[in-house]
Amino acid sequence: MNEKKNSPLFFSGGIYSAEALRLAAAVFSARGGVRLTAAKGGTEAALSGGINPGEFANEALNQQCRIDLSARNSRLSGIIVTKALLSASGSSKKGGK
Amino acid sequence: MAQRPATKKSAERAALPHFNFRRLSGGAVLLTNDSGTHASLSGAQFRQFRDGRVAAGSALYKELSAKGFVRDMMDMDGYAAACAKKNSFLGAGPGLHILVLTLRCNHKCVYCQSSAVGQASRGTDMSPALARKCVDFALKSTNPGITIEFQGGEPLLNWEALKASVLHARRRAKEQGREVRLALVSNFSLMTEEKARFLLANEVSICTSLDGPADLHDKNRVFAGGGSHAAAVKWLKYFSAAYKKQVPEFRTFKPSALLTVSRYSLGREKQIVDEYVRLGLEDVFLRPLAPIGFAKQLWDKVGYAPEEFLSFYRAGLDYILKLNARGVTIRERNAVMMLEKILNGTDPGYLDMRCPCGAVIGQLAYNYNGDIYACDEGRMVGWQGDDLFKAGNVARDPYSKVMLSQASRACASASSLDTQPQCSRCAYKPFCGVCPVYNYETQGSLSGEMPSNGRCALFMGLFDTLFSLLAKPASAKILKGWVSK
Amino acid sequence: MAKTQKTSVIAAAGRDGLNAVRYAAYSLSGSAYVFLKPLAGGKVLAEFEPKPGVDARAAAALPARFRQELEDEKFREKNSAENFSLREFLLLKAVNYAPKAPEPEPDSGLTPKQEKELNDLIHQIEKEIKAETAGGKKDPLGITRTWEDKYGTKTGNKKKR
């Protein structure tokens, strides 16, 4: 991990997707600045405003794992969530409005 | 769960169904599956099981078969029925409706999360008319059982709205033939004989805060009039006596108390439990503080790390079990709710620990101005200027729109454990749930990041503690007795 | 200020699966800052920098923990893949689950009106029997009277056995 202050971090595209990095940047948007730039073989992330590079890297991995998992489980998860929402709203039976 | 007769010969491998596992301290491995059944294996047994080398005639095989851990022996109908029972809340709407009758309060609790303002503050009371509208809105819920809980600030500061909504709720419930439970959460400092009689006559169950012995309680819950503990105890005794008397005209419920563990509580678990026992209370809820709302700002002063709370909890639970062994009736509420799930496979209605979480679809918080929030914690975030968890307004938005609001959909999606990397593979998944509000406040996103999430560490610790106690016959007997049907 | 000790482990994404490597690394992100870098030959370098507050012993255990987690994750991936369809089937079955309706009572072949008339008749007869056999009332058929009471005691003619 790059220990120099303000040096951008390089995330390999084979391990961290651009989408994961965008989501991680959004999570950190309230804490400081994250500038993402496409680079050869991946993405560079320039952090400012005191964002801890280690925390950002962990969040990027978190988002990548979520993306992988959603690809597998989103159908099932969606069905359960939809059932809960429709039952609560009364769309699946009488009541509600 | 019924089983099909064995069709495979004993030497054959047992095919593995889907399951989650957790390596516990001491080498044991806990297995669980989606239906909520569990098995505890030694390290060697787990290796046998994982490698498909459990002999079909063995005692271990029989246990694993009975619990749905042998794929070819699974009772599919029974498995599905158990999953459905465990998740019965999926078929109903919000059961808990919190009416925040006022933000005004006459206490200054060090950990206050309720965005309370001073007693003389203006413009933060719910009008009686709006309170009645909130009751009508709550009764639109698709849940056959409704609880309306009056909170604040201090709800007794807005007696007119409280009285109006109680009478209106009772009238409406009778008209509609519905069971409606009413509950008041109050510090009791403004309780009078007249108010108490009204509440009892209208079958309002009573709950107060009790943080332990007087010095601890009063340190946590600063009351300018002095003696917060004295007022709480005085009226707890009053309502307890009323409960014991029971009159034929109306039902009287046993009063209850809530504990909030602050930094000042750590190390005083025995004294806290003793205070509850002294007052005849049979349940103590060792409830951790969350860094949400005002408590977030004061976390350095009143907060603690998950490990600190867990140390407090284990000592407290250990003491409670010792008391039980001596014949004293006292249970710990976190444990009771978790054990309902683990041992009985039922949903105890703990909205913080289910998937999807109870935000909007399980509970609603109605602010003094009619704004509806996903939960009370979401309302606290709203008070600080962020309306992410606002689901609508009782005067403007129809029920179905609130149920399908952005706040509702976002919280439901974010709390789905099947899309959480750590939760989806966790052995405690069948019994647990995440809190999008906690995640947002502490980690900046609704879904959070579980490996470094304080609430996750805390819940894992609680589950670890319970499963470790369930593995010991003496403590298991007491714990099972807490939730025996 | 003491420098935090970074450790690293090389995993083989080809052999272990990139997902398993990611999840194994992810599971340690509570204790460490984790960074994954590709290496030649399909390998992945997992770097761990212990977070502040993590003691030296826990920090030293990170590589071993990662290797254990990686083995566990590989198993989880396999188990999950083998059971994906079955799990989905079971959970959808649970979502749509409805308890079975109770068995209907057997049909007597009578209409409700006929059933009512029959029940009323049965009650009437039961009432009459009760009244007939109640204490103090006469016994019109002489059922409760002994033979001697009815016909008197016999003499002489009785055959001796």
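The shown structure was predicted, so the numbers you read here are calculated from the model rather than taken from an experiment. (Residues numbered from 1 in each chain as written. Chains lettered and ligands numbered in written order. Predicted model: local features only at pLDDT ≥ 70, side-chain atom pairs only at ≥ 80, totals over all residues. Heavy atoms only, no water.)

Strand pairing in a sheet is mediated by backbone hydrogen bonds. Such pairs are either parallel or antiparallel. Residues and elements named next belong to chain A. Taken together, 3 strands build an open sheet; the order of strands is S1-S3-S2 and the sheet is antiparallel. Because the sheet does not close on itself, it has two edges, and the strands there are strand S1 (9–12) and strand S2 (33–39). The average undirected angle you get between the axes of adjacent strands in this sheet is 25°. Where S1 lies against strand S3 (residues 42–48), 4 bridges are found, and the strand directions are antiparallel. Bridge assignment links Phe10 to a residue of S3, and that residue is Glu44. Contacts from helix H1 (residues 18–27) reach S1, S2 and S3 within the one sheet, and its direction differs from that of S2 by about 165°. Here helix H2 (residues 53–89) sits on the sheet and contacts S1, S2 and S3; the angle it forms with S1, its principal contact strand, is near 20°. (Pairing = 2+ DSSP bridges. Helix = DSSP H or I, 4+ residues; strand = E, 2+ residues; numbered from the N terminus. Axes fitted to C-alpha atoms, helices over the stretch in contact; angles between N-to-C directions. Contact = heavy atoms within 4.5 Å.)

Given 3.6 residues to a turn, an α-helix orients residues that are three or four positions apart in the same direction. Taken as a whole, helix H6 (residues 193–201) of chain B has its buried residues at Lys195, Ala196, Phe198, Leu199 and Leu200 of chain B. Taken from the residues just after H6 of chain B, Glu203 of chain B is the one with a positive phi, measuring 55°. (Buried < 20%, exposed > 50% of the residue type's maximum accessible area, 1.4 Å probe, protein only.)

This paragraph deals with the confidence of the model for chain B. Close reading of the predicted structure is inappropriate where its pLDDT is low. Summing up the model confidence of chain B, the mean pLDDT is 93 and the portion of residues at 70 or higher is 96%. The low-confidence segment residues 5–14 of chain B, where pLDDT is below 50, has 14 contacts with residues more than four positions distant or belonging to other chains. (pLDDT = per-residue confidence, 0-100.)

All right, on to empty space enclosed by the protein then. Tallied over the full model, the rule gives 8 cavities of 30 Å³ or more. The calculated volume of the largest cavity comes to roughly 310 Å³. Elements supplying a minimum of two residues to the lining of the largest cavity: H2 of chain A together with helix H4 (62–95) of chain C. Sort the elements by how many residues they give to the lining of the largest cavity and H4 of chain C lands first, with 8 residues. Its residues assigned to classes, the lining of the largest cavity comprises 4 nonpolar, 7 polar and 7 charged. (1 Å grid on protein atoms, 1.4 Å probe; cavity = no way out; pocket = protein on both sides within 12 Å on 5 of 7 lines; lining within 4 Å. Points joined across faces, edges and corners; volume = space filled by probe spheres on them. Nonpolar A, V, L, I, M, F, W, Y, C, P; charged D, E, K, R; others polar.)

Turning our attention to the side chain of Ser29 of chain C. If you trace the backbone, Ser29 of chain C turns up in the loop between helix H2 (18–27) and strand S2 (32–39). Here Glu449 of chain B takes part through its side chain, which lies 3.1 Å from a polar atom of the side chain of Ser29 of chain C. (Polar contact = N/O pair within 3.5 Å; in protein donor to acceptor, adjacent residues only side chain to side chain.)

Scanning the model with the defined rule gives 29 aromatic pairs over all chains in all. Both rings, one in Phe11 of chain A and one in Tyr16 of chain A, keep their centres 4.9 Å apart while their planes meet at 80°; by these two values the pair is edge-to-face. Of the aromatic side chains, those joined through ring pairs into one cluster are Phe19, Phe21, Phe46, Phe49 and Phe69 of chain B together with Phe75 of chain C. It is Arg425 of chain B that lies over the ring of Tyr23 of chain C; its NZ or CZ is 3.7 Å from the centre. (Phe/Tyr/Trp six-rings, centres within 6.5 Å; stacked < 30°, edge-to-face > 60°. Lys NZ or Arg CZ within 6 Å of the ring centre and 35° of its normal.)

A few words on a nonpolar patch on the surface. Residue and element names in this part refer to chain C. Together, Leu110, Leu118, Leu121, Ile122, Ile125 and Ile129 make up a nonpolar patch on the protein surface, roughly 500 Å² of accessible area in all. Looking at where Leu110 falls in the secondary structure, it is placed in the loop between H4 and helix H5 (112–133). Taking the relative accessible area as the measure of exposure, Leu110 reaches 32% and is therefore partly exposed. (Patch = residues over 30% accessible without salt bridge, like charges linked within 9 Å, V, L, I, M, F, W, Y side chains within 5 Å. Areas by Shrake-Rupley, 256 points an atom, 1.4 Å probe, with all protein chains shown as cover. Salt bridge = Lys/Arg side-chain N within 4 Å of Asp/Glu carboxyl O.)

Listed per partner, the contact involves 25 residues of chain A and 30 residues of chain B. With both chains or domains summed, chain A and chain B bury close to 2300 Å², and 62% of this area falls on carbon and sulfur atoms. The tally of links from chain A across to chain B stands at 0 salt bridges. Run the count over chain A and chain B and you get 9 residue pairs in polar contact (both at pLDDT 80 or more). The residue inventory of the side of chain A that touches chain B, partitioned by class, reads 8 nonpolar, 10 polar and 7 charged. (Buried area = accessible area lost by both parts, 1.4 Å probe.)

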